[in-house]
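In case you want the letters, here they are:
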Amino acid sequence: MKKKLLFRSLIGAPVGVTVSLIITIIFSMCTGRGEYFPATQGLVDLCGNTVTAVIVQMICSLFIGAVCGGASVIWEAEKWSLLKQTLIHFTVLAVPFFAVGYVMNWLPHNIYGAFAYFGAFAGVYLIMWFSIYFSIKYKVNKMNKQLQEIQQQD
């Protein structure tokens, strides 16, 4: 399990950087000004310059990618209930995402910003969780139906 965790974390880290880069490109395209914004202005102001901000953003993206990759092993804990897996997975992701979001200035640095960010994170997490859950449930039902048809033919 520890080897899987390490391997998935190492795979997840560059994926985190790639996703971060794609987000900055999409954000820059959406502004419609034809400029590239590699980091939020709040992060640039906090760091003092764009280069330092991009370095901080890259380190945070590596970290988030590694956490997401490593957290995937939670779903393989067969002795745990789906509820326990979900709550642990949510917590393992929510805490570092919140910390990185705070550092990166993705949220206002007050209690309202914290609640709004946490609510948005929880909402996105639930949408993704239910999408994956129902997709897997559909596939399992389809396989069960195919198995029943094969058994009926024998």
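You'll find the structure just up there.
Since this is a predicted model, take the numbers as computed values, not measurements.

Rules used in this analysis
- Residues numbered from 1 in each chain as written.
- Predicted model: local features only at pLDDT ≥ 70, side-chain atom pairs only at ≥ 80, totals over all residues.
- Heavy atoms only, no water.
- Phe/Tyr/Trp six-rings, centres within 6.5 Å; stacked < 30°, edge-to-face > 60°.
- Helix = DSSP H or I, 4+ residues; strand = E, 2+ residues; numbered from the N terminus.
- Buried < 20%, exposed > 50% of the residue type's maximum accessible area, 1.4 Å probe, protein only.
- Axes fitted to C-alpha atoms, helices over the stretch in contact; angles between N-to-C directions.
- Parallel < 35°, antiparallel > 145°, perpendicular 65-115°, else oblique.
- Left-handed = near helix turned anticlockwise from the far one by under 90°.
- Contact = heavy atoms within 4.5 Å.
- Polar contact = N/O pair within 3.5 Å; in protein donor to acceptor, adjacent residues only side chain to side chain.

**Student:** Please clarify how the packing of aromatic side chains should be interpreted in this entry.
**Tutor:** A ring pair, where both rings are aromatic, is described by two values, the distance of the centres and the angle of the planes. Using the criterion set out here, one finds 11 aromatic pairs in the structure. When the centroid spacing of 5.1 Å and the interplanar angle of 5 degrees are considered together, the rings of W129 and Y133 count as stacked. With W129 and Y133 both in helix α5 (residues 111–153), this residue pair falls four residues apart, about one helical turn. Owing to a relative accessible area of 18%, W129 belongs among the buried residues under this scheme. Taking relative accessible area as the criterion, Y133 reaches 32% and is therefore assigned partly exposed. Members of the aromatic cluster, connected to one another through ring pairs, are F90, F97, F118, F121 and Y125.

**Student:** How should the packing of helix α1 (residues 2–31) against helix α3 (residues 50–71) be read in this particular structure?
**Tutor:** Between two packed helices, the angle of one axis relative to the other and the distance separating the axes together describe the packing. Here α1 crosses α3 at 135 degrees, and the two axes come no closer than 6 Å. The pairing of α1 with α3 is recorded here as oblique in orientation. As for how α1 packs across α3, the hand of that crossing is right-handed. Listed contacts from α3 to L5, R8, S9, G12, A13, P14, G16, V17, S20 and T24 of α1 are Q57, M58, S61, L62, G65, A66, G69 and G70.

**Student:** Help me out: how do you make sense of the side chain of T86 in this one?
**Tutor:** Note that T86 resides in helix α4 (residues 82–103). You can call T86 buried: its relative accessible area is 13%. Within the structure, T86 has its side chain in polar contact with the backbone oxygen of L82 (distance 2.8 Å).

**Student:** I tried to follow unusual backbone geometry on my own but got confused; where do I start?
**Tutor:** With the exception of glycine, the majority of residues adopt a negative phi angle, and the majority of peptide bonds are in the trans configuration. Here N105, not a glycine, exhibits a phi torsion of approximately 65 degrees, which is positive. Structurally, N105 is set in the loop between α4 and α5. Given a relative accessible area of 26%, N105 falls into the partly exposed group.

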